[in-house]
Amino acid sequence: MNIQDVRLAVVGLGYVGLPLAVEFGKQRDVLGFDINTRRVDELRAGRDHTLEVSGPELAEAAHLRFSSDPAELASANVFIVTVPTPIDEYKQPDLTPLERASETIGRILKRGDTVIYESTVYPGATEEVCVPVLERTSGLKFNVDFYAGYSPERINPGDKQHRVSTIRKVTSGSTPEVAELVDTLYRQIITAGTHKASSIKVAEAAKVIENTQRDVNIALINELALIFNRMGIDTLDVLEAAGTKWNFLPFRPGLVGGHCIGVDPYYLTHKAQAIGYHPEIILAGRRLNDSMGGYVVSQLVKAMTKRRIQVQRSHVLVMGLTFKENCPDLRNTRVVDIVRELGEYSIDVDVYDPWVDPAEAQHEYGITPVAKPQQGAYDGIILAVAHHQFAEMGAAAIRALGKSEHVLYDLKYLLAANESDLRL
Ligand SMILES: NC(=O)c1ccc[n+]([C@@H]2O[C@H](COP(=O)([O-])OP(=O)(O)OC[C@H]3O[C@@H](n4cnc5c(N)ncnc54)[C@H](O)[C@@H]3O)[C@@H](O)[C@H]2O)c1
C-alpha cells in the first residue's frame, strides 16, 4: 500500500486516541471511532472533557469526523487501535477492550488492510492475542491478506509541552514493507521523528519497560525517603545535593498512580511469570509504591499525636484527588489509599480538588469532593497533588484552612521546607 492510499480510522478516542486523530485530521481524512456514544457526541459538539485537546484545536482538525457506528469503519484500510489496557482486581492484564476492538475491526477487515496497535501491552500481545482475533473474525490470513503494526504512545496527560507530535515515536510492522508504511504514516505528523524498531515485540517491550523503569526508580526513592525520615534527614535536601552529580537521576518520592506507571509493569510481570520467570525487583517496586498511601497517613497521625491533637473524629483535608497535577484524570489515583486509611483511624475527611468532576469521583471511588474547603476547620491538611491552584494559594492561605493547632503535610514539595510541618 502506498501512503497516498491510506484511509485512516482511529479506534478508541480517549487520552491517547483523540490527540492522535486530531493531528492526523489536520492533514488527511480520518474517522475517529469510539463505542462510547456520549464521547462521540461531546466530540462532535467540539468538547473534550479530558482537556487534552482544546475547542480551537479540535476545530483545526478539519478532516476528522466521529462515529460510533462500526459499519462506518469499513471505509478505512489502516486502523490505529488506542483502547484501554487496564488490570483486573488481581492485577492481571485485562485484554478485553483490545479483543473487542479487534473483533470489531476483524468483521470489516479487507485484503491489504493494516491494523496498528498503540495500547500498552506485554511483548507478544499483538501477535499472540490481537492477530488471532483478527484472523478468526475476518477469515483472512495474517501477513498474507492483512498486516499488523505496533507503535506505542508516550504522551503524558496534562503536559502541554510534550505533545503527540513533539515526542519521538517508536514504530514497527509485521513485515519490512509494513514497518516502512507505519513509519512513513507517523512521520507525517511527528515532527520529533520516529524510531523504527526491528520487530513488533521489540516495540511492545520498549514501551512497557519505559514505564517499568520509572516505577522501579520511584520505588527506590520512596525507600530512601522511608530511611531518611527515620533518621530525621530531609529527603529533598539529599536528592538536591546528590542531583548535582551529572548522572544522578532526578526522581522524587511519592504516590504512583495513574493509568500507566502503576499498571504497565504488571503486564510485563504477567508475561514473565507465564514463561517461568518470577520478577523480583519489578514486583518489589510495585509493592513499595503501593504502600506509600498507608505510610503517609501513619506519618500524619504520629505528628498529630505529638501535638496532642485527638486523632479519632479529627477533621483532615486532602488537597488533590487526581493521579497527577493539573489534569482531571482520576484513573488509578492512589490518593484514595490515603482517604481510605484516614477512614481506618475514624478521621473525618474532606477532599478538595478543583479539577475533578464530583459525580465521577463519587461514581469511581464513593468520594464526593467538597466544593470549597472550610476556613479554620482542619486538624490536618495533606497536600497530595501539586495543582497550580494550590501553589498559587501559598502556605498562608493553606494554613488558614487549619485550626490554630494543625499539621500540614506537603507530599509534593509544593511549599518551601519551612512552610510545612512534614514532607515526604
Ligand atoms: N493516558 C496516557 O497517558 C497513556 C500514555 C501512553 C499510553 N497509554 C496507553 O494507551 C491506551 C489507551 O489509553 P487512554 O488513556 O487513551 O484510555 P482512555 O480510557 O482515555 O480511552 C480509551 C477509549 O477507548 C474507547 N473504547 C474502549 N473499548 C473500545 C472498543 N472496543 N472499540 C472502540 N473504542 C473503545 C473508550 O470508550 C475510550 O473512549 C492504553 O493502553 C494505555 O495504557 C496511555
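Here the structure is a predicted model, which is why all the values come from computation and not from measurement.

A.B. asks: Is there a simple way to explain the domain arrangement of the protein in this structure?
C.D. replies: When the parts of a complex come together, some accessible area is lost, and that lost area is often used as the size of the interface. Split by domain assignment, the protein resolves into domain 1 (3–204) and domain 2 (291–424). Taken over C-alpha atoms, the centre of domain 1 sits 38 Å from the centre of domain 2. Between domain 1 and domain 2, the residue contacts involve 7 residues of the former and 8 residues of the latter. At the boundary of domain 1 with domain 2, total buried surface from both sides reaches about 520 Å², with 57% on carbon and sulfur atoms. Looking only at domain 1, the three residues that lose the most surface to domain 2 are Tyr15, Leu51 and Pro157, adding up to 68% of its buried area. In this assembly, domain 1 and domain 2 are joined by 0 salt bridges. Across the domain 1-domain 2 interface, the total number found is 1 residue pair in polar contact (both at pLDDT 80 or more). Among the residues making up the side of domain 1 that touches domain 2, the classes are represented as 3 nonpolar, 4 polar and no charged.

A.B. asks: Hey, could you run me through the packing of aromatic side chains in this one?
C.D. replies: We describe a pair of aromatic rings using the distance from one ring centre to the other and the angle between the two ring planes. Overall, the coordinates contain 4 aromatic pairs when judged by the stated rule. Between the aromatic rings of Phe24 and Tyr186, the centroid separation amounts to 6.0 Å while the plane-to-plane angle is 55°, which identifies the pairing as tilted. Placement of the pair is Phe24 in helix H1 (residues 17–25) and Tyr186 in helix H6 (residues 176–187), with a sequence separation of 162 residues. As far as the burial class goes, Phe24 and Tyr186 line up, both buried. Ring centres of Tyr122 and Tyr267 lie 6.4 Å apart, and the angle between their planes is 35°; on these two criteria the pair is classed as tilted. In this pair, Tyr122 is assigned in the loop between strand S5 (114–117) and helix H5 (125–138) and Tyr267 in helix H9 (residues 264–274), connecting sequence segments 145 residues apart.

A.B. asks: Just checking my understanding: could you explain the packing of helix H7 (residues 200–231) against H9 for this structure?
C.D. replies: Relative placement of two packed helices is described by the angle separating their axes and the distance separating the axes. Interaxial distance between H7 and H9 falls to 8 Å at its minimum, and their mutual angle equals 110°. The pairing of H7 with H9 is recorded here as roughly perpendicular in orientation. Every pair of crossing elements has a handedness; the one defined by H7 and H9 is left-handed. The residues of H9 that touch H7, namely those facing Lys207, Val208, Ile209, Asn211, Thr212 and Asp215, are Asp264, Pro265, Tyr267 and Leu268. Of the residues that constitute the contact of H7 with H9, the class distribution is 5 nonpolar, 2 polar and 3 charged.

A.B. asks: Help me understand the packing of helix H11 (residues 292–306) against helix H12 (residues 335–344), please; the structure alone is not making it clear to me.
C.D. replies: As a packed pair, H11 and H12 sit with axes 8 Å apart at the nearest point and diverge in direction by 50°. As far as their axial angle goes, H12 and H11 are oblique. For the pair H11 and H12, the sense of crossing is right-handed. Contact with H11, carried on its side by Gly293, Gly294, Val296, Val297 and Leu300, involves Asp337, Ile338, Glu341 and Leu342 of H12 and no other residues of that element. Here the residues of the contact of H11 with H12 sort into 5 nonpolar, 2 polar and 2 charged.

A.B. asks: Got a minute to help me understand empty space enclosed by the protein in this structure?
C.D. replies: One pass over the full model with this rule turns up 1 cavity of 30 Å³ or more. Here the largest cavity defines a volume of roughly 40 Å³. Considering the residues around the largest cavity, the lining is formed by Pro152, Glu153, Arg154, Val164, Ile167, Arg168 and Lys169. Its residues assigned to classes, the lining of the largest cavity shows 3 nonpolar, no polar and 4 charged.

A.B. asks: I would appreciate a short explanation of the environment of Leu255 in the present structure.
C.D. replies: By the secondary structure assignment, Leu255 is in the loop between helix H8 (235–242) and H9. Its relative accessible area of 21% is what places Leu255 among the partly exposed residues. Look past the residues within four positions of Leu255 in its chain and what remains in contact with it is Met292, Gly293, Arg334, Val335, Ile338 and Leu411.

A.B. asks: Can you help me understand the layout of surface pockets in this one?
C.D. replies: The gaps of empty space that remain are located by a probe, the size of a water molecule, rolled over the atoms. Considered as a void within the structure, the second largest pocket measures approximately 520 Å³ in volume. Along the wall of the second largest pocket there are 19 residues; nearest its centre are Asn229, Tyr295, Gln299, Leu422 and Arg423. For the lining of the second largest pocket, the elements supplying multiple residues, two or more each, are H7, H11 and strand S13 (422–423). Broken down by element, the lining of the second largest pocket gets its largest block of residues, 5 residues, from H11. In the lining of the second largest pocket, the residues fall into 7 nonpolar, 5 polar and 7 charged.

About the thresholds
Residues numbered from 1 in each chain as written. Predicted model: local features only at pLDDT ≥ 70, side-chain atom pairs only at ≥ 80, totals over all residues. Heavy atoms only, no water. Domains from an automatic or database assignment. Contact = heavy atoms within 4.5 Å. Buried area = accessible area lost by both parts, 1.4 Å probe. Salt bridge = Lys/Arg side-chain N within 4 Å of Asp/Glu carboxyl O. Polar contact = N/O pair within 3.5 Å; in protein donor to acceptor, adjacent residues only side chain to side chain. Nonpolar A, V, L, I, M, F, W, Y, C, P; charged D, E, K, R; others polar. Phe/Tyr/Trp six-rings, centres within 6.5 Å; stacked < 30°, edge-to-face > 60°. Helix = DSSP H or I, 4+ residues; strand = E, 2+ residues; numbered from the N terminus. Buried < 20%, exposed > 50% of the residue type's maximum accessible area, 1.4 Å probe, protein only. Axes fitted to C-alpha atoms, helices over the stretch in contact; angles between N-to-C directions. Parallel < 35°, antiparallel > 145°, perpendicular 65-115°, else oblique. Left-handed = near helix turned anticlockwise from the far one by under 90°. 1 Å grid on protein atoms, 1.4 Å probe; cavity = no way out; pocket = protein on both sides within 12 Å on 5 of 7 lines; lining within 4 Å. Points joined across faces, edges and corners; volume = space filled by probe spheres on them.

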